[in-house]
Amino acid sequence: MVSKVFPSNALNDKMYIDTSGILVVKTDYASAAYLGLRHAVIHQFQVQSRLNTQQEREGAHDQILGVLKDWMQGNKLKDVFAKIDEARKATIETEDLLQKLQTYNERTVKSSREFQIKIRGWLQESTQILGELQEKLPLDS
């Protein structure tokens, strides 16, 4: 409220708050009081928002902790550990299978190379036999 006249019991000659909580300001200070009140209301709203947000955070935090506690105390954590153990065993089995496959491949490649050497030898011998035959046959003149 803006006024030119203050009551005699006012402790300040620029502004005061009466017993019902109404702010009374002299006319010269109305714009400054408006800016001050505006900033105070904005600040109060921000503080209240932060408090609500903090309360919401604490509520969400408590809820998350409760869910985690229930999850850890139940069978879910045991199930996760069991699945991790199964996965570890499966990786060991996979490594074993890969090693066996590698050994099989090495043996098969070695056998294939030995056959290739034998085939080349047989082809060489066949070429020599055919060469001998060609030498014995009369030449066309």
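Residues numbered from 1 in each chain as written. Predicted model: local features only at pLDDT ≥ 70, side-chain atom pairs only at ≥ 80, totals over all residues. Heavy atoms only, no water.

### Quick word on the confidence of the model for the protein chain
Mean pLDDT over the protein chain works out to 82, with 94% of the residues at or above the 70 mark. Per-element confidence in the protein chain ranges from a low mean pLDDT of 71 for strand β2 (residues 15-17) to a high of 93 for helix α2 (residues 76-136). (pLDDT = per-residue confidence, 0-100. Helix = DSSP H or I, 4+ residues; strand = E, 2+ residues; numbered from the N terminus.)

### Observations concerning the environment of arginine 107
Relative to the helices and strands, arginine 107 is located in helix α2. Among the residues examined, arginine 107 registers a relative accessible area of 52% and is labelled exposed. For the pair arginine 107 and glutamine 54, spaced 53 residues apart in the sequence, the C-alpha separation amounts to 69 Å. (Buried < 20%, exposed > 50% of the residue type's maximum accessible area, 1.4 Å probe, protein only.)

### Let's talk about the pattern of salt bridges
Enumeration according to the criterion identifies two salt bridges in this entry. Aspartate 85 is paired through a salt bridge with arginine 88; the nearest N and O atoms lie 3.8 Å apart. In this pair, aspartate 85 and arginine 88 are both assigned in helix α2, three residues apart and thus about one turn of the helix distant. Under the relative-accessibility criterion, aspartate 85 is labelled partly exposed at 38%. The closest approach of N and O atoms between aspartate 96 and lysine 100, which form a salt bridge, is 3.4 Å. Taken together, the residues span about one helical turn, with aspartate 96 and lysine 100 both in helix α2 at a distance of four residues. Here lysine 100 falls in the exposed class, since its relative accessible area comes to 51%. (Salt bridge = Lys/Arg side-chain N within 4 Å of Asp/Glu carboxyl O.)

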